[in-house]
Structure formats: structure tokens, C-alpha cells
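Chains, contacts and geometry: an overview
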Amino acid sequence: MDKHPDPDHHDLAQAETLLPLSPAELLAFVADSERLFRLNPHMEIAAWQPRPPEVARGGQGRGGPKFVGFDLSSSPDRLPSFPSPSPSPSPPPSPNSDLAGLDLTLINELNGQRLEMAVTVTSLPQGRVFTYAAGLKQATTLRVDAAEPGSRLILIDQYPRIEDPEDPRVAEVDRCLVPWVVAIRRHLLARRRWGWLPGWHWWHERFLLGMPPRQRRLARLILWVSVAEFALFLGLVAVLGLMP
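Overview of the structure. (Residues numbered from 1 in each chain as written. Predicted model: local features only at pLDDT ≥ 70, side-chain atom pairs only at ≥ 80, totals over all residues. Heavy atoms only, no water.)

Scanning the protein chain for helices and strands turns up 6 helices and 7 strands. Listing the helices and strands of the protein chain from first to last along the sequence gives β-α-α-β-α-β-β-β-β-β-α-α-α. Among the 244 residues that make up the protein chain, the fraction classed as buried is 44%. The long-range share in the protein chain, meaning contacts at least 24 apart out of those at least 6 apart in sequence, stands at 70%. Per element, the accessible surface of the protein chain, about 13,400 Å² overall, is 60% carbon and sulfur. (Helix = DSSP H or I, 4+ residues; strand = E, 2+ residues; numbered from the N terminus. Buried < 20%, exposed > 50% of the residue type's maximum accessible area, 1.4 Å probe, protein only. Contact = heavy atoms within 4.5 Å. Areas by Shrake-Rupley, 256 points an atom, 1.4 Å probe, with all protein chains shown as cover.)

Read from one edge to the other, the open sheet built from 7 strands follows the order S1-S7-S6-S5-S4-S3-S2, with strand pairing classed as antiparallel. Every other strand in the sheet has two partners, leaving strand S1 (10-19) and strand S2 (43-51) as the edge strands with one partner each. Strand-to-strand twist across the sheet, computed as the mean angle between neighbouring axes with direction ignored, equals 25°. Docked against the sheet, helix H4 (residues 177-194) engages S1, strand S6 (139-147) and strand S7 (150-160), running at close to 20° with respect to S1. (Pairing = 2+ DSSP bridges. Axes fitted to C-alpha atoms, helices over the stretch in contact; angles between N-to-C directions.)

To continue, consider the environment of alanine 13. Tracing the backbone through its elements, the reader meets alanine 13 in strand S1. Here alanine 13 falls in the buried class, since its relative accessible area comes to 1%. Separated by 145 residues in sequence, alanine 13 and glutamine 158 place their C-alpha atoms 6.7 Å apart.

Relative to the helices and strands, glutamate 205 resides in helix H5 (residues 200-207). With a relative accessible area of 15%, glutamate 205 lands in the buried category. Looking at glutamate 205, its side chain comes within polar contact range of the side chain of histidine 187, at 2.8 Å. A distance of 2.6 Å separates polar atoms of two side chains, one belonging to glutamate 205 and the other to arginine 191. Residues within four places of glutamate 205 in sequence aside, it is in contact with Phe29, Arg35, His187, Arg191 and Trp200. (Polar contact = N/O pair within 3.5 Å; in protein donor to acceptor, adjacent residues only side chain to side chain.)

Let's shift gears to the nonpolar core. Counting 38 residues, the largest nonpolar core has Leu26, Val30, Phe37, Leu104 and Leu153 as the members making the most contacts within it. It is H4 that provides the largest number of residues to this core, a total of 5 residues. (Core = buried A, V, L, I, M, F, W, Y, C linked by side-chain atoms within 4.5 Å.)

Here is the structure:
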């Protein structure tokens, strides 16, 4: 995560990763905003309610968040702007590709805080901006750049500048940005390697992502313990079968 001083009263927290996918492939994947948010390993999605475009443009939600995380970095006085990418094949549509806004309820596992917020979604040629109607965190920008060996995924959180280290808001830090990018990378690499297997997408992108993160970890643990026990059973059967 990059951090830099900023004289313009804003801070950015940034995390990025390189992926062996073309920009078009990566843009097609991140166009599904709900799947992207659910990949965050420390955020439980308690409610995800898309809003019609005319409602989303109004920027009104059911209420402000109880908590939004904080992490210092640099930023211009506005959200970062990105140059238009070179022409590339248009990614296929996704279930959330035309999402304009939503009412979102999150539970942060790292600090136990519950967030309820309206989110406006702005599409960019290279990604999306999720703007929060209230709270400390002002926006999250998702950006895809062409890079070797394929593309670079960049996530940027924007916050107001907090000068005083004793400000109580500093204790309300959201530490999910880097683990989130790590989880996205891990998922995409596994998807590229194992996505051809029957049932892989259902298990990893529907069944597991429909659970809170802690339940996902428990489900994986139970699965691996069961696989290990079955392998041990087969080994014992084989050994007994070789005995005179």
C-alpha cells in the first residue's frame, strides 16, 4: 500500500497487484460489483440492495454509516482521474455492469463495526468509483491498467485529511484494503487455473461467497479435514489390502 503526503486536505490509501489477465478480462470480472465486495475476507455483506439509476443519482440512502475505516495516504483534491485506455475488446456484460447505486450494510470483522450506507457507482473507462454518501471514507476507486504480464488492478480509498494523530477517528481504521486485494488476486489465479472444473464457479462464487467470511473459512476447513480423512481411509484400506 502506497502512502504519500498531500497538501490538499485529502488522503489516499492504495493497494495494487499484477495479474496474468488482459485488461478486458479483468474489467469483465470486476464489473460484477457484488462479487467483488464479497471477496473482501473481512467484510460481511449483511445487505446488498441495488437502486434504480434515478434514485442512485439522488445520493440518498437509508442512513449514514456507523463507521468507516481510515488509512492515511496521498491524494489530489478530488478523486483521481485516469486517461482513456487504448481501444480494446468490450468485456461481456455482468449482473452488476449497469449498477448505478445501492444501499449497503457491512460488518467489519476486524473491529466489529457495522456500516449502513448509500453508495453511488460511477463507471469509468478503466474501472469504477464507489462514492459513499456519508462517513469518513469518501470513495473507493477501482482501476485497471495494462501492464506486464497482463494487467494491474489498483484499489484506492479516499479520506479527508486528519492531522492530529490523537483524533479518535484514527482508531476507526479500516484495515481491509490490502487483504481485499490479496483475496481478489488469489481468487482470480485459482479461477484461471481451476475454473474449467465442473462446479468450481458454483462452489467458489455462489455458495462460499454467499456466506459471511468466518463461515467461509470454517467451510473450507471442514472440507479439507474431510478430504484428509478420506485420503487416510483410502491409505489404510490399501495397506490392509497388501497385508497377507
